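Results of the structural survey
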Amino acid sequence: MTPPFLEPGRIGPVALPNRLVRAPTSETMATEDGEVTPDLRRLYGELARGGAGLLLTGHIFVRPDGQCSPRQMALHDDRFVPGLARLVREVHAGGARIFAELSHAGSQTMMPGLTPLAPSGVSSAIYPGQPRGMTGQDIAEVIAAFGAAAARARAAGFDGIHIHGGNGYLAAQFASPASNRRDDDWGGDAAGRSRFLLAVLAAVRDGAGPGLAVTARYGVMDSAPGGLSLEEGLARLEALADAGLDAVEPTYNLMRSYRENIRPYVAVGATRALRDWVAPRLWRPAAPQAYYRPLARAIKARMDLPVILVGGVRGTDVMEEVLRSGDADFLSMARPLVREPDLPKQLAGGRRGVVDCVSCNICLAHDGHDALKCWRRNPVDLLRHAAWRLARR
Ligand SMILES: Cc1cc2nc3c(=O)[nH]c(=O)nc-3n(C[C@H](O)[C@H](O)[C@H](O)COP(=O)(O)O)c2cc1C
Ligand code: SF4
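Residues numbered from 1 in each chain as written. Chains lettered and ligands numbered in written order. Predicted model: local features only at pLDDT ≥ 70, side-chain atom pairs only at ≥ 80, totals over all residues. Heavy atoms only, no water.

**What to know about the site of ligand 1**
The line we're drawing: Here a residue counts as near a molecule or strand whenever at least one of its heavy atoms sits within 4 Å of it. For this analysis, a polar contact is any N or O atom pair within 3.5 Å, provided that within protein one partner can donate a hydrogen and the other can accept it, and provided that sequence-adjacent residues contribute only side-chain to side-chain pairs. Reported accessibility uses the Shrake-Rupley method at a 1.4 Å probe radius. Residues are deemed covered only where the shown protein chains occlude them. In this text, helices come from DSSP runs of H or I with a minimum length of four residues, and strands from runs of E with a minimum of two, each type numbered from the N-terminal end. By the convention adopted, Pro, Cys, Tyr, Trp, Phe, Met, Ile, Leu, Val and Ala count as nonpolar, Lys, Arg, Asp and Glu as charged, and the other residues, Gly among them, as polar.
Near ligand 1 lie 23 residues; those nearest to it are Pro24, Glu101, Gly312, Arg314 and Arg335. Contacts to ligand 1 include Arg217, whose side-chain N or O atom sits 2.9 Å from an oxygen atom. Burial of ligand 1 by the surrounding chains reaches 99%, relative to a free accessible area of 600 Å². Within the residue set of the shell around ligand 1, elements represented by two or more residues are helix H10 (335–339) and helix H12 (362–365). Among the residues making up the shell around ligand 1, the classes are represented as eleven nonpolar, eight polar and four charged.

This is the structure in structure tokens:
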């Protein structure tokens, strides 16, 4: 019997060959300016041939003041379209579909010399830097930038747009009472806190035009009490679904630490542990698999919206069970496909059990500093990582 993750699916107007999705994973592989490089094309070609039905890009910034980290892909100008079009062609030739994750980092930027924007002058719990509260004109310009970037993504041949509306980035900052202290139309109450994301969705829909899917990574609730509540997050998501969102990838909204989104999960046998040179990290307590499943279940109980489940999707038993239970419709993986870009193809070939990635988060530590790769593939990389950590102390 075909396992459910290999069955075809559909998101809005886009037909997909299976239910396996490459989660957005920033690559640190663009030029300093944000242009696509041959390395990026190679990576996306490899992922497409690796069998995931849908690739979500790493976050692409829609305005220079929304850049999160160095060597991130950009789409704030027409000059980025030809490079992205070549990347998309590479993906389509490999048999996958691809959505562009469009983002503005807001206060979550690590770009030196950039004064971060935010709904109010509230610093991020994770990133340094004092943001400047946005004016009405700033807000209108950022929303327009999302729309213009969506139109460029369409011109580049993307199959859809994935709006970054979670994990503490600008849209999430507007959604939470902990970071949005405004008392104008863009804050003040739940309706005001919804306005930015609804306006971004409308602008993106407009820019993308018919034929493209529009989905979102979406922060359903803050990880800390006193911020965005589950109830408010679900009501906002219903409004987004009514406004034409085609699918949601649920996560936390604001977080106290990025590790709340990228949890360590460890399940390895002795052979695997030996192969990875038995690092102390392997004995960290294990987080459960599929750790955003409660959010997915809460969404499914409330509305009829396709759910892409991300976060700790690690073993075929759990993958099958999640899809069969109806808690999610698609399974999204970031770190497992950093380690094994051809994992979906292996699963199609009958491989079962737990993925090779041990969720040590070393690749995450290098985000914005070094090209995306699994640092556990060979001992030289692990030594390089140790030296890098020491030098940064
Ligand atoms: C190196 C790295 C880069 C990431 N970049 C992004 C990103 O650009 N956009 C995004 O929405 N999430 C990003 N994430 C978060 C992942 O999409 C995902 O939510 C998280 O890693 C948990 O899923 P996993 O257990 O499959 O890795 C990144 C994660 C890692 C490890
Ligand atoms: S460095 Fe490798 S093993 Fe560690 S989280 Fe990243 S992909 Fe997984």
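**Describing the site of ligand 2**
Lining the immediate environment of ligand 2, one finds Arg335, Val338, Arg339, Cys357, Val358, Ser359, Cys360, Asn361, Cys363, Cys374, Trp375 and Arg376. Counting residues per element, the shell around ligand 2 draws most heavily on H10, which supplies three residues. Grouping the constituent residues of the shell around ligand 2 by class yields seven nonpolar, two polar and three charged.

**Some details on the packing of helix H2 (residues 81–93) against helix H3 (residues 136–156)**
To keep things clear, this is the line we draw: Axis lines are fitted through C-alpha atoms, for helices just across the contact stretch, and the angle between N-to-C directions can take any value from 0 to 180 degrees. For classification purposes, an angle smaller than 35 degrees is called roughly parallel, one larger than 145 roughly antiparallel, one from 65 to 115 roughly perpendicular, and anything else oblique. Handedness of a helix crossing follows the sense of rotation of the near helix relative to the far helix, less than a right angle counterclockwise being left-handed and clockwise being right-handed. Here, residues are in contact when the closest pair of their heavy atoms is within 4.5 Å.
The geometry of H2 relative to H3 is characterised by a closest axis approach of 8 Å and an angle of 50° between their N-to-C directions. Relative to H3, H2 is oriented oblique. Two packed elements cross with a definite hand, and for H2 against H3 that hand is right-handed. Facing H2, whose interface residues are Val81, Leu84, Ala85 and Val88, H3 presents Arg152, Ala155 and Ala156.

**Concerning the confidence of the model for the protein**
To keep it simple, the criterion reads: Residue-level confidence of the predictor is what pLDDT reports, using numbers from 0 through 100.
Confidence in the prediction of the protein, expressed as mean pLDDT, is 92, and 93% of residues score 70 or more. Overall, residues 279–285 carries pLDDT values under 50, and its contacts beyond four positions in sequence, including any with other chains, amount to 13 contacts.

**Section: the pairing of strand S13 (residues 330–333)**
The cut-off we apply is this: Summary of the burial criterion: residues with accessible area below 20% of their type's maximum are buried, those above 50% are exposed, and those between are partly exposed, where the area comes from a 1.4 Å probe applied to protein chains only. Here, any two strands with at least 2 DSSP bridges between them count as paired. Seen with the strands pointing away from the viewer, any crossover whose path from the first strand over the helix to the second strand runs clockwise is right-handed.
What you see with S13 is no split at all: Phe330 and Ser332 on one side and Leu331 and Met333 on the other are buried throughout. Inspection of the sheet shows strand S3 (residues 20–22) paired to S13 by three bridges, in the parallel sense. Bridge assignment links Val21 to a residue of S13, and that residue is Ser332. Relative to S13, strand S12 (residues 308–309) is paired through two bridges, and the arrangement is parallel. Of the residues in S13, the one forming a bridge with Leu309 is Leu331. Chirality of the crossover, the property in question, places the unit of S12, helix H9 (residues 316–325) and S13 among those that are right-handed.

**Here's the deal with the packing of aromatic side chains**
In plain terms, the rule: For this analysis, a ring pair means two rings from Phe, Tyr or Trp (six-membered ring only for Trp) whose centres lie within 6.5 Å, classed as stacked if their planes differ by under 30 degrees, edge-to-face if by over 60, and tilted for the remaining angles. We count a charge as sitting over a ring when the NZ of a lysine or the CZ of an arginine lies within 6 Å of the ring centre and within 35 degrees of the ring normal.
Under the defined criterion, the tally for this structure stands at three aromatic pairs. Judged by centre distance (4.2 Å) and plane angle (10°), the rings of Phe174 and Phe196 are stacked. Here the residue Phe174 occupies a position in helix H4 (residues 170–175), and Phe196 occupies one in helix H5 (residues 190–208), the gap between them amounting to 22 residues. Taking relative accessible area as the criterion, Phe174 reaches 1% and is therefore assigned buried. The exposure class of Phe196 is buried, given its relative accessible area of 0%. Taken together, the aromatic side chains of Tyr252, Tyr291 and Tyr292 make up a single cluster linked through ring pairs. Over the ring of Phe330 we find Arg19; its NZ or CZ atom is 5.2 Å from the centre of that ring. Over the ring of Trp375 we find Lys373; its NZ or CZ atom is 4.3 Å from the centre of that ring.

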